[in-house]
Amino acid sequence: MQDAADDAAPPDDAPLMAAALAQARRGRPSPEPPEGFILARADGTLIAEGFRADAEGTSVVLDALAALGAAAQGTTLYATLEPNNAEEAGVVDGILAAGVKRVVIGSLYPESTGRGGGADRLRDAGLVVDMSMPFGAEARTLIAPWVKHATTGLPHVALKLALSLDGRIASRSGASKWVTGTEARVKVQQLRSMHDGVAVGIGTALSDDPRLTVRDAALLPEDGQPPVRIIFDTKLRLPRSAHVVDTASDVPTWVFGGEGAPDEAEAALVDAGCRVHRVPLTAEGRVDLVSAFTILAADGIVSVLVEGGAELAGTLLAGQLADELHAFLAPILLGPRGRPGAVDWAGPETPTDAPRVVEPTWEVCGHDAYVHGRLAYPEPED
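The following paragraphs examine the structure supplied in this document. (Residues numbered from 1 in each chain as written. Predicted model: local features only at pLDDT ≥ 70, side-chain atom pairs only at ≥ 80, totals over all residues. Heavy atoms only, no water.)

Section: the sheet that holds strand S10 (residues 275-279)
For step 1, the next point in the chain: Strand order in the open sheet formed by 9 strands is S10-S9-S8-S7-S11-S6-S12-S14-S13, and the pairing between neighbours is mixed. The sheet terminates laterally at S10 and strand S13 (356-365), the two strands that pair on one side only. Here the average twist between neighbouring strands, direction ignored, is 20°.
For step 2, the next point in the chain: One ladder, built from 8 bridges, connects S13 with strand S14 (residues 368-376); its direction is antiparallel. Looking at S14, one finds that Glu363 is bridged to Tyr370.
For step 3, the next point in the chain: This element, helix H6 (residues 182-193), spans strand S6 (156-164), strand S7 (197-201), strand S11 (303-306), strand S12 (324-330), S13 and S14 of the sheet and lies at about 165° to S12. (Pairing = 2+ DSSP bridges. Helix = DSSP H or I, 4+ residues; strand = E, 2+ residues; numbered from the N terminus. Axes fitted to C-alpha atoms, helices over the stretch in contact; angles between N-to-C directions. Contact = heavy atoms within 4.5 Å.)

Re the packing of aromatic side chains
For step 1, the next point in the chain: Following the criterion strictly, the structure yields 4 aromatic pairs and no others.
For step 2, the next point in the chain: Centroid distance Phe232 to Phe293: 6.1 Å. Interplanar angle 90°. Geometry classified as edge-to-face. Of this pair, Phe232 sits in strand S8 (residues 228-232) while Phe293 sits in helix H10 (residues 289-298), and the two are 61 residues apart along the sequence. Take Phe232 and Phe293: they sit in the same class, and that class is buried.
For step 3, the next point in the chain: Through a chain of ring-to-ring contacts, three or more aromatic side chains come together here, namely Phe232, Phe256 and Phe293. (Phe/Tyr/Trp six-rings, centres within 6.5 Å; stacked < 30°, edge-to-face > 60°. Buried < 20%, exposed > 50% of the residue type's maximum accessible area, 1.4 Å probe, protein only.)

Brief notes about unusual backbone geometry
Glycine aside, negative phi is the norm for most residues, and most peptide bonds take the trans geometry.
For step 1, the next point in the chain: The linkage connecting Ser30 with the following residue, Pro31, adopts the cis geometry, with an omega of 10°.
For step 2, the next point in the chain: Considering the arrangement of structural elements, one finds Pro31 in the loop between helix H1 (13-24) and strand S1 (36-40).
For step 3, the next point in the chain: Cis geometry is adopted by the peptide bond preceding Gly309, which originates at Gly308 and carries an omega value of 10°.
For step 4, the next point in the chain: When you line up the elements, Gly309 lands in the loop between S11 and helix H11 (310-318).
For step 5, the next point in the chain: The residue Gln320 is not glycine, and still its phi comes out positive at about 55°.
For step 6, the next point in the chain: As for its position among the elements, Gln320 is in the loop between H11 and S12.
For step 7, the next point in the chain: Its relative accessible area of 44% is what places Gln320 among the partly exposed residues.
For step 8, the next point in the chain: Positive phi, normally seen in glycine, also occurs at Glu359, with a value near 45°.
For step 9, the next point in the chain: Position of Glu359 among the secondary structure elements: in strand S13.

Some points on the packing of helix H2 (residues 60-68) against helix H3 (residues 91-98)
For step 1, the next point in the chain: For the pair H2 and H3, interaxial distance at closest approach is 10 Å and the crossing angle is 25°. The angle between H2 and H3 places the two elements in the roughly parallel class. Two packed elements cross with a definite hand, and for H2 against H3 that hand is left-handed. Every residue of H3 that contacts H2 at Val61, Leu62 and Leu65 is listed here: Val91, Gly94, Ile95 and Ala98.
For step 2, the next point in the chain: Among the residues forming the contact of H2 with H3, the class breakdown is 6 nonpolar, 1 polar and no charged. (Parallel < 35°, antiparallel > 145°, perpendicular 65-115°, else oblique. Left-handed = near helix turned anticlockwise from the far one by under 90°. Nonpolar A, V, L, I, M, F, W, Y, C, P; charged D, E, K, R; others polar.)

Comments concerning the layout of surface pockets
For step 1, the next point in the chain: The computed volume of the largest pocket comes to approximately 1500 Å³.
For step 2, the next point in the chain: What lines the largest pocket is a set of 47 residues, among which Thr141, Leu142, Pro145, Met194 and Glu324 lie closest to the centre.
For step 3, the next point in the chain: If you list the elements that add at least two residues to the lining of the largest pocket, you get helix H5 (136-152), H6, S12, S13 and S14.
For step 4, the next point in the chain: Counting residues per element, the lining of the largest pocket draws most heavily on H5, which supplies 8 residues. (1 Å grid on protein atoms, 1.4 Å probe; cavity = no way out; pocket = protein on both sides within 12 Å on 5 of 7 lines; lining within 4 Å. Points joined across faces, edges and corners; volume = space filled by probe spheres on them.)

Pasting the structure below:
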């Protein structure tokens, strides 16, 4: 079943579905999808709400229905995600048994996940089932990282760039702090909090010595779990004095190195609390990102924010591995000797062949411009 076309939802549904989406955004339950719900009486009175906080336990909807008992009869369920139709989950059966009368759904499960069809089952059982048209796109965006993870075995990858008007990420001396302003850096903190992992290449790790943490604990999901810090480091050059190594016992830190990197370097990183993965190298002698991403996905990392540097960004774009772009454009000029360019890659032969942001959103962050959206790549020629 596909989402219906742009039919307007009943007026009273909009604030309740918006509240359900706000609930869903409170959790980061990887490797399960984020989901939130509202249970309301026919007059719109809210009687229960909740969200999935982690990957453990039963359905939060089933827990709420069990707690309500007979009070759940005749209610409307606002669910950001279609009730899981997998037999072992028991969600659809629980909704039917509770006497819920109507279900408003934000997004459907892809059939390939083995969880779809819940909306049809509820409708076939006599419930009124509606799709929340005003919030459908938002609900689908919310689970997009999980859908990629569940259907491809790879994490959803967001690429973040901070660059000058002339496309540079550092001055001619190599200084890159700070190209963008305070407001843009706050936005980056928010982006980090929304992902399971934050990654940089070894060049950025050595030149900037970033912490890659979320400074404001209030931005983290309800369970307080910080994103895993990920360093792509072919030769395991990351020093013991690096911030990410020095604090590895407090914040999970994973380093991906090549199979030929020194064993003593791996031992030093492991001794400091890092987790080290050896992966194959590409023909250019770089860490094979597909191999690294496969390991991350298998370990429950659903989404990764890649923050630099230029070589890593170029590898992502050349391999069509980045799913979305977040670019912060500062109103400064660093000159032709500014180094390096924001993306180090051969690039497309023509603008028509370039990856592009689909339906970009432009915002102002202090004095900087911020553009973000889903990346699309040109179709390969036959």
